[in-house]
Amino acid sequence: MNEFLNSIGYMSWILPALLAIPVVGAAIIWMTPTPRRRGIPPGTDEITAGIANGPRWIAFLVLLVEFVVSLGLWWAFDPAVAGWQALFDMPWIPTWGVRFTLGIDGIALMMILLTTGIMALSILGSWTGIRTRTHGYYSLMLILTTGMLGVFMALDLFLFYVMWEVMLVPMYFIIGIWGGERRLYASIKFFIYTMVGSLLMLVAIVYLGYQAGLLEGRPNFSYEAILAIPELSSRAAFWLFIAFFLAFAVKVPMFPFHTWLPDAHVEAPTAGSVILAAIMLKFGTYGFLRFALPFFPAVSLNPAVRTTIIVLAVIGVIYGSLVALVQPDIKKLVAYSSVAHLGMVMLGIFALTTESVQGALMVMIGHGLSTGALFLLVGIIYERRHTRLIEAYGGLAKVVPLFATVLTIVTLSSIGLPGTNGFVAEFLVLIGSFKTAPWATTIAAIGVILGAAYMLWAIQRLLYQKLDKPENASLTDLNKRELTLLVPILACILWLGVYPKPVLSRMEASSSKLVEQVESKAGRQNPILGVGGR
Amino acid sequence: MPLDLSKAAQLSLALTPDLLLFAGAMLLMLFAAWRADSAEHQRRVGIASLVLIVLTIVAVVMFARSGITAGPGVIAIDQYRWAADVIFLLAAAIAIATSLDYNAREGIWAGESHVLVLFATGGMMLMAAARDLMIVFLGIELMSIAVYVLAGLNRRSAKSAEGAIKYFLLGAFSTAFLLYGIALVYGATGTTNLVMIGERVVTSRLDNDALFLAGIALMLVGFGFKVAAAPFHMWTPDVYEGAPMPITGYMAAGVKAAAFAVLIRVWLEAFPTAYAKWHAAVWWLAAITMVVGNVVALQQKNLKRMLAYSSIAHTGFLLVALASGTAQASTAFLFYLLAYTLATMGAFTVLIVLSDRGDTRISLNDINGLWYARPGLAVALTIFMLALLGFPVFGGMGFLGKWYVLQAALQAPAPQTRLAIVLVVMTAVSAGYYLEVVRVMFMRQRPEGAATPPNPLGLTRFVIYATAILLIVFGIYPDPVARLATAGTHRAPGAPPAATRPTANTVAR
């Protein structure tokens, strides 16, 4: 495989190609006749009218190609190298010292594969759910893909910021046009929250680029140059960290910046929720790993800052779980479970041991798979019954056994049962974090138990009680398309649960380099929250 | 060899593009009066005016590339002037091009309306060229008087008349402030030449001179009125609402730009050493303007009024660059100005198409579900709104303009960090009203029986396409514009040329 990839120069063009393919796909979609050009009145059900096939097939095939092409990275990536791979670099705005620099390490690699995989599946997930304005919908999905991949690849902070904002607009439209009843409120809230957070980051980026370019006399926004800024005054570093922190904390979302999440996740169409949960939430934690920690190690390891963040993370775990416990709406329940899971990721990142960081990365991947699948399943059942209230269901296991099986497996993965990816991930976080933050870890472990409680209670009420609602008796089970879309996710869940080594080994060099880098820059590590420390 | 501006012939050479425009405008005035007013004649005069503008742009570009420089005197010949001129002419061209159909619809048959735009533009060019407070004043009056008339162009509309009289009275009042300020500065320094004022401030140690500082303060008030900075912005919404739509766009882009161009030149050439004194005033002016413009714009339901407040907000953003007090403010200004002109004039052009006779039907409710009726217009307006919001890629140059202003603010010797934070917070507030426009167009249903706006044709259509495409293209590949803006960076006379400066070592020319 490697020889073949080398022979076509794969690593030299793959990253820009991954950015370009979806944009080309979006352009192709607009070349197919729109309903307007065919004289079909707006608001028509385009699936019944038979004109939705063009856009959805093009989008699916394009993203399938995208996924297959991106898979090559799995082999071409050298796990032993901790530095940047598949580098692509060209000048963009020389006058301002802005370059178009792309590159990946082990962390970005996994995120990119997760993105391309989930995107292809989420097209299948919206196959029958999106019935109007399909041209717009599927082209926005493609542009969204470019934006998201760009964030994971960007090694120039200007480019990073541009991509960060680019993914905002398609999602805003996806929620606002194809979302549920309160979509208008949810979409504007999503947009404003993210934008307020990221604009302060913009100020920080301009400032850092200027500092990095002081010697050359013009700004330099490249990642390595900013990493090499010799001395920031501790006051400046603190405020810059806060600016990055706000942008990422909103995106994660950390308690108390999470209030946009339930609205956006619940009101978004199924595929929108899947993408929000599986990929977009990872931008916050990815941002912490990639930018906030390495740029400002002294601030992020400062005991007060670190304790605050870990406390917020643990509050997120407990609070998310407790709120999820009492949700009558299944989609909201899954949304709040994200708050809890991402709290776990934040704990792992700020505990900052190689294990905890790797665990955090595994939670990110695992949460992407299991929560993505949960939203898909909720969408599937919603398309049939048009309600998301848990009390409207009951005893589904008898009517839709396949659906029940899949939902059970995904639930078990979500609560971290051994043999699924969730276990590996949460175990690593807890083990790793215990070294540096024992009390926080202990409380977070209680959160894991709460997680089991709300998920199991929910599927008990959905699947296993008496089949007492006559409407539920005639539900149809998963069809072929739905199976096609769920089976790959299930396979990954089990694979990562049983044999996570290939994934871990690809991320290991990068994550231990990160930990070392941060610690060596910050000097001696401070024990936090009481008893811990080395 | 630098031109000797004390000789009449060489002084006229330095003013060639301006004189070309004025001479052409006078001929066109005769041409306009030659036939009885009619829709066709109005159109003919408009087309001729466009040709004249193109010729003037050619002249400006030729001068910019000729490398002619000027000795000390009342007129500046530098890239800053030429860059600003091109943008004024662009704004004028868009205003005239979109007036052709608009005037026919509104029954404004006076061909002189186009000629007035030309005169106002001539005044602007004079302002950009001024290196003497008397020329500054001359330029401002030339521009203002033409614009007072333009604001009241629609004689049949009470709103237009109200706006025009308001603008005229307040404008005259503010001119008095400006003139009084000029007089005080002259009294303190004994000269009206910008460069010499700058020198005398140092040699006579005028930093704490009450007369001089009072002069600066009064001038700031005068300019504050012209650029519509809060708290001197009260006239803006009414005048913008009353004026014919193409003129509103022209005022929001061109008039503001010209006042800013001269404000920046005066402040950087005459008062740079008094930075410590005027910094606080400009700082607060910027902060208040941003807050007032953005917060009040949130309340607006009428799109024309909303754009008026948005233009106040953008004044605030530009003042942030000025508050840094460095030459980079002028670079940022030029870049921002182009982005802002394209976006604002594009947005007004879309409003022209959407509105009905008498500028009605431009409230937020009237564009509900516009996407279903006219998807092209909806997409174009979205691009303009996102550009004004300063959003990357989808808003094109708008984001880069903001980026530039932030750079100027943060990279100054005295970084304006707090002001930059006010700027980004207010940008987030502005998302509230810019996105509202996008939201109602795409996410609401078209009401039953709502009239479909006409399909834009001819020059109007061309303007919408061109502004939107330029915004996007330069938003993705901004380097040519960035290079021109860097070349146009304002340099005080005697400062080393750009090439020796590290910040500009990539400039091609």
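No experiment lies behind these values; they were computed from the predicted model shown. Numbering of residues starts from 1 in each chain and follows the order in which that chain's sequence is written. The lettering of chains begins at A and the numbering of ligands begins at 1, in the order of writing. Totals for whole chains, interfaces and linings use every residue, but because this is a predicted model, local features are given only for residues with pLDDT of at least 70 and side-chain atom pairs only at 80 or more, for both listing and counting.

Runs of E in the DSSP output that reach at least two residues are strands. Runs of H or I that reach at least four are helices, and both are numbered from the N terminus. Looking only at helices and strands, one finds 20 helices and 0 strands in chain B. Taking 23 Å as the expected radius of gyration for a compact globule of 509 residues, we find that chain B reaches 22 Å, a close match to that expectation. Counting over 509 residues, chain B shows a buried share of 61%. Remark: residues whose backbone-derived C-beta atoms lie within 7 Å of one another are considered to be in contact. Partitioning the contacts of chain B with sequence separation of at least 6, the portion at a separation of at least 24 is 78%. Our radius of gyration is a C-alpha quantity, and the globule rule it is checked against amounts to 2.2 Å times the number of residues to the power 0.38. In this scheme every C-beta is placed from the backbone, and a residue whose C-beta has 20 or more other C-beta atoms within 10 Å is buried, one with 12 or fewer is exposed, and one in between is partly exposed.

Right, let's get into the overall build of chain A. When you go through chain A residue by residue, the secondary structure sums to 22 helices and 2 strands. Over its C-alpha trace chain A gives a radius of gyration of 23 Å, about what one expects of a compact globule, namely 24 Å for 534 residues. Expressed along its principal axes, the backbone C-alpha trace of chain A runs to roughly 70 × 55 × 50 Å. In chain A, which comprises 534 residues, the share counted as buried stands at 60%. Excluding contacts between residues fewer than 6 apart, the proportion of contacts in chain A whose partners are at least 24 apart in sequence is 81%.

Another aspect to go through is the interface of chain B and chain A. On the chain A side, the residues contacting the 29 residues of chain B number 28 residues. Of all the elements in the fold, those that place two or more residues in the side of chain B that touches chain A are helix 17 (397–410), helix 18 (417–443) and helix 20 (479–487) of chain B. Each residue is assigned to one class: nonpolar for Ala, Val, Leu, Ile, Met, Phe, Trp, Tyr, Cys and Pro, charged for Asp, Glu, Lys and Arg, and polar for all the others, Gly among them. Of the residues in the side of chain B that touches chain A, the class split is 20 nonpolar, 6 polar and 3 charged.

Once that is clear, we can look at the confidence of the model for chain A. The predictor attaches a confidence to each residue, called pLDDT, with possible values from 0 through 100. When pLDDT is averaged along chain A, the result is 87; 98% of the residues meet or exceed 70. Under a pLDDT of 50 for its full length, residues 524–534 of chain A has, in the predicted model, 24 contacts with residues more than four places off or in other chains.

A few words now on helix 12 (residues 270–295) of chain A. Along its 26 residues, helix 12 of chain A runs 36 Å from first to last C-alpha, staying within 8% of the 38 Å computed at 1.5 Å per residue. Across the 26 residues that make up helix 12 of chain A, a large majority, 25, are buried. Take the residue count of a helix, subtract one, and multiply by 1.5 Å to get its expected span.

Attention shifts here to the pairing of strand 1 (residues 85–93) of chain A. All names here are of chain A. Here strand 1 pairs with strand 2 (residues 98–104) via 6 bridges, running antiparallel. What sits directly across from Pro91, in strand 2, is Arg99. Paired strands, as defined in this entry, are two strands with at least two bridges between them according to DSSP. Hairpin connection between strand 1 and strand 2: a loop of 4 residues separates the two successive antiparallel strands, and Gly97 in this loop has a positive phi of roughly 70 degrees.

Phi is mostly negative for residues that are not glycine, and the peptide bonds are mostly trans. Residue and element names in this part refer to chain A. Of the consecutive residues Val252 and Pro253, the connecting peptide bond is found in the cis state with omega at -10 degrees. Along the polypeptide, Pro253 turns up in the loop between helix 10 (234–251) and helix 11 (260–267). Cis geometry marks the peptide bond from Phe255 to Pro256; its omega dihedral reads 0 degrees. Mapping Pro256 onto the fold places it in the loop between helix 10 and helix 11. In this structure, Arg133 takes a positive phi of about 50 degrees despite not being glycine.

Another point: the environment of Ala110(B). Residue and element names in this part refer to chain B. In this fold, Ala110 is placed in the loop between helix 4 (79–106) and helix 5 (112–129). For Ala110, a count of 18 C-beta atoms within 10 Å gives the class partly exposed. In this structure, the C-alpha to C-alpha distance between Ala110 and Ala188, residues 78 residues apart in sequence, is 46 Å. With sequence-adjacent residues up to four places away left out, Ala110 is seen in contact with Asp37 and Gln42.

Moving on: the confidence of the model for chain B. Counting all residues, the mean pLDDT for chain B is 88, and 96% of those residues have values of 70 or more. This model gives residues 496–509 of chain B a pLDDT under 50, and the stretch forms 19 contacts once residues within four places in sequence are excluded.

Turning next to helix 12 (residues 275–297) of chain B. All names here are of chain B. Compared with an ideal rise of 1.5 Å per residue, which puts 23 residues at 33 Å, helix 12 spans 31 Å between its outermost C-alpha atoms and is within 8% of the ideal. Residues Trp278, Val282, Leu285, Ala286, Ala287, Thr289, Met290, Gly293, Asn294, Val296 and Ala297 constitute the buried set of helix 12. Residues of helix 12 that are buried make contact with helix 9 (210–227), helix 13 (303–323) and helix 18.

All names here are of chain A. Fitting a line to C-alpha atoms yields each axis, with helices limited to the stretch in contact; the angle taken between N-to-C directions then spans 0 to 180 degrees. Two numbers describe how helix 4 (residues 106–125) lies on helix 22 (residues 501–522): the axes approach to 7 Å, and their chain directions differ by 140 degrees. Taken together, helix 4 and helix 22 sit at an angle that is classed as oblique. Each of Gly106, Ile107, Leu109 and Met110 in helix 4 lies in contact with helix 22, whose residues at this interface are Val503, Arg506, Met507, Ala509, Ser510 and Ser511. Across the contact of helix 4 with helix 22, the residue classes break down as 6 nonpolar, 3 polar and 1 charged. Oblique is the label for any angle not covered by the other classes, which are roughly parallel (under 35 degrees), roughly antiparallel (over 145) and roughly perpendicular (65 to 115).

Residue and element names in this part refer to chain A. You can see Val252 is positioned in the loop between helix 10 and helix 11. Residue Val252 is classed as buried on the basis of its C-beta count, with 28 C-beta atoms lying within 10 Å. Residues Val252 and Met280, spaced 28 residues apart in sequence, show a C-alpha to C-alpha distance of 8.3 Å.

Glancing now at the packing of helix 3 (residues 39–66) of chain B against helix 5 of chain B. Residue and element names in this part refer to chain B. Running from N to C, helix 3 and helix 5 point in directions that differ by 20 degrees, and their axes come no closer than 8 Å. One way to sum up the angle between helix 3 and helix 5 is to call them roughly parallel. Along this stretch, helix 3 crosses helix 5, giving a crossing that reads as right-handed. The residues of helix 5 that touch helix 3, namely those facing Val45, Gly46, Ser49 and Leu52, are His114, Val115 and Leu118. Taken together, the residues of the contact of helix 3 with helix 5 break down into 4 nonpolar, 3 polar and no charged. In this scheme, a crossing is called left-handed if the near helix is turned counterclockwise away from the far one by less than a right angle; it is called right-handed if the turn is clockwise.

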